[in-house]
2 protein chains.
Amino acid sequence: MAGNSRDPGRSVTARALSVLTAFDVDHTRLTLTGIARRAGIPLATAHRLVGELEMWGALQRDADGRYSIGLRLWEIGLLCPVNSGLREIALPYMQELCQHTHDNVHLAVRDGMEAVYVEKLTTPRAVPIVSRTGGRLPLHSTGVGKVLLAHAPAAVMHQYCERGLSRQTPYTITEPGRLGRELQGVRARGYASANEEMTLGNCSVAVPVHDGSGAVVAALGVVAHSVRAEVSRLVKPLLPAAEAIRGRLVEHERVGYDVLSR
Amino acid sequence: MAGNSRDPGRSVTARALSVLTAFDVDHTRLTLTGIARRAGIPLATAHRLVGELEMWGALQRDADGRYSIGLRLWEIGLLCPVNSGLREIALPYMQELCQHTHDNVHLAVRDGMEAVYVEKLTTPRAVPIVSRTGGRLPLHSTGVGKVLLAHAPAAVMHQYCERGLSRQTPYTITEPGRLGRELQGVRARGYASANEEMTLGNCSVAVPVHDGSGAVVAALGVVAHSVRAEVSRLVKPLLPAAEAIRGRLVEHERVGYDVLSR
């Protein structure tokens, strides 16, 4: 196989980054051939780039010859403001919530048209859920997503609905007008709930996390079994926790804010 | 300033990676000029590379024009086996420990000659400590570090001592022979303790986390105020937690093991 790129217009940096993009949650360990195929680059190019990335620590080679994301890339990724600012500040309050509720506890931010889960805590008694730290879920079918969409600029809501509201369960809101009224309610009440709208049997409740300027920078939520779920009981501990996080964010002014400005 | 590199021998990939290396825990937000200076590349090169990295999501530009590590790099970094395997598995047990002890709880792995903190949980009642998730500390002056060094190949211990044992406090073990006897004791007792050896006033206790093959893949520890610290009381909840994590690692065979093989 030729060592020159199939796409000579792509820069070397773009091709090195495409090697990293070959990895995702369903592909955490890849052979060299797998990386080349998923990155869309010739094997010889992949070989050279993977060698450089491995030497630097962006990739690591396991005993069986497969590659995975390296420790050094993980360490540098943690410097991202949502982790080093927002998550570090929120984590102790999330632990308290998890301990108090025995349910899954989420902290999420909006990145474009998706909710990104900055942290997820769980307990052995919590209901199993699909979210994971660093994962993404829709904005219209989860508690945290509804909070983030309700406080996004109107243009975001418009664009989000234009792309179509995917149906996750029979209870997902898929009609833009109904979603608009739902989000009005979220703003008025100060919290969002999603009952079996993402996963059958699960109910999620979430509240906004504000920064010092009053902007909503994140959503804090719990997910419980819908049979056990009583929205008012679930909201109660969320509100003081979100307020405590806001207080700490004000202390750490400018940390972890910028993720929502894109 | 010229657009060509000061060091033409460095590959484009290496220079792109050097842009990322410009960021560390004391430099999470940098101007373009700051990136060029810290990466050792011309401003024009930095401008081009930063543009490509920003477009891909490895960097993000904040409202004031400074750059920080981007959400996408954080997300890909989380696919690293120590996070996606080891940390995800250990987190609920760490939460229980934190809730039970009200102390700082650590999970660490060895990377070469350092302990890397995979996760750190804390509570408002815990004693303040210097560690952070993704941070690194010496192997000879912390509880988790002693566990990791005690179970490392003899060549690692030899090389570690050759580099000199840095003195963190007046109580740090800086004499190789004494450290060797201390680590023998760690292996014999099944746990390590470090009393004011890293930070005055703090005591840390740690136990090994084994995988299915019996290899030590991580260390689980607590850090408490040395006045309150009673080693036997601190060790007690650590042992069943480490054993529970081992059980889950066996279930998830091959996940999160490889970090210690380098």
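Quantities reported herein were computed from a predicted structural model and do not represent experimental measurements. (Residues numbered from 1 in each chain as written. Chains lettered and ligands numbered in written order. Predicted model: local features only at pLDDT ≥ 70, side-chain atom pairs only at ≥ 80, totals over all residues. Heavy atoms only, no water.)

How would you explain helix α1 (residues 12-21) of chain B if you had to name every residue and give the values?
Here α1(B) lies mainly inside the structure; 7 of its 10 residues are buried. Along α1(B), the residues that are buried comprise B:T13, B:R15, B:A16, B:L17, B:S18, B:V19 and B:L20. (Buried < 20%, exposed > 50% of the residue type's maximum accessible area, 1.4 Å probe, protein only. Helix = DSSP H or I, 4+ residues; strand = E, 2+ residues; numbered from the N terminus.)

Please give an account of the interface of chain A and chain B that cites residues and values.
The interface is formed by 61 residues belonging to chain A together with 61 residues belonging to chain B. Summed over the shared surface of chain A and chain B, the result is 4 salt bridges. Note that A:E119 is salt-bridged to B:R87, the shortest N-O span being 2.5 Å. Across the contact surface, chain A and chain B share 12 residue pairs in polar contact (both at pLDDT 80 or more). Elements represented by at least two residues in the side of chain A that touches chain B include exactly α1 (12-21), α3 (43-56), β2 (67-69), α4 (71-77), α5 (81-101) and β4 (114-121) of chain A. Of the residues belonging to the side of chain A that touches chain B, the class tally is 30 nonpolar, 14 polar and 17 charged. (Contact = heavy atoms within 4.5 Å. Salt bridge = Lys/Arg side-chain N within 4 Å of Asp/Glu carboxyl O. Polar contact = N/O pair within 3.5 Å; in protein donor to acceptor, adjacent residues only side chain to side chain. Nonpolar A, V, L, I, M, F, W, Y, C, P; charged D, E, K, R; others polar.)

I'd like a rundown of the side chain of B:S68, residues and numbers included.
When you line up the elements, B:S68 lands in strand β2 (residues 67-69). The class of B:S68 is buried, set by a relative accessible area of 0%. Among all residues touching B:S68, those that are not within four sequence positions of it are A:P81, B:F23, B:T28, B:R29, B:A58, B:L59, B:Q60 and B:D62.

Could you give an account of the packing of aromatic side chains, with specific residues and numbers?
Any aromatic ring pair is given by two values, namely how distant the centres are and how the planes are angled relative to each other. With the rule as written, the count across this model stands at 0 aromatic pairs over all chains. Its end group placed over the ring of A:Y191, A:R189 keeps NZ or CZ at 5.2 Å from the ring centre. (Phe/Tyr/Trp six-rings, centres within 6.5 Å; stacked < 30°, edge-to-face > 60°. Lys NZ or Arg CZ within 6 Å of the ring centre and 35° of its normal.)

Just give me the short version of the relation of the copies chain A and chain B, but keep the residues and values in it.
Superposition record for chain A on chain B: RMSD 0.0 Å, screw rotation 180°, translation along axis 0.0 Å. Those values place the two copies in the arrangement expected of a two-fold rotation axis. The share of interface residues of chain A whose copies in chain B are also at the interface is 100%, consistent with both copies meeting through the same surface. (Least-squares fit on C-alpha atoms with pLDDT ≥ 70 in both.)

Describe empty space enclosed by the protein, and please don't skip the residues or the numbers.
Left-over empty space is what a probe sized like a water molecule reveals as it rolls over the atoms. If you walk through the whole model with that rule in mind, you get 5 cavities of 30 Å³ or more. As a volume, the largest cavity reaches approximately 190 Å³. Among the elements of the structure, α6 (143-150), β7 (202-210) and β8 (216-225) of chain A are those that each provide at least two residues to the lining of the largest cavity. Classifying every residue of the lining of the largest cavity by side-chain character gives 11 nonpolar, 9 polar and 2 charged. The computed volume of the second largest cavity comes to approximately 160 Å³. What lines the second largest cavity is a set of 22 residues, among which B:H106, B:T142, B:M198, B:S204 and B:V223 lie closest to the centre. Breaking the lining of the second largest cavity down by element, the ones donating at least two residues are α6 (143-150), β7 (202-210) and β8 (216-225) of chain B. Looking at the lining of the second largest cavity, the element that brings in the most residues is β7(B), giving 4 residues. Residue composition of the lining of the second largest cavity, grouped by class: 11 nonpolar, 9 polar and 2 charged. (1 Å grid on protein atoms, 1.4 Å probe; cavity = no way out; pocket = protein on both sides within 12 Å on 5 of 7 lines; lining within 4 Å. Points joined across faces, edges and corners; volume = space filled by probe spheres on them.)

So what's going on with the UniProt feature "domain: HTH iclR-type" (unreviewed entry) in chain A? Residues and values would help.
In the UniProt entry, the feature "domain: HTH iclR-type" (unreviewed entry) is given for residues 10-71 of chain A. The annotated region residues 10-71 of chain A carries 53% helix and 10% strand content, and the separation between its end C-alpha atoms amounts to 27 Å. (UniProt positions renumbered as here; feature names shortened; annotations may be inferred.)

Please set out the domain arrangement of chain A residue by residue, giving values where relevant.
Taken as a whole, chain A is organised into domain 1 (12-76) and domain 2 (81-261). Computed from C-alpha atoms alone, the centre-to-centre distance between domain 1 of chain A and domain 2 of chain A is 33 Å. (Domains from an automatic or database assignment.)

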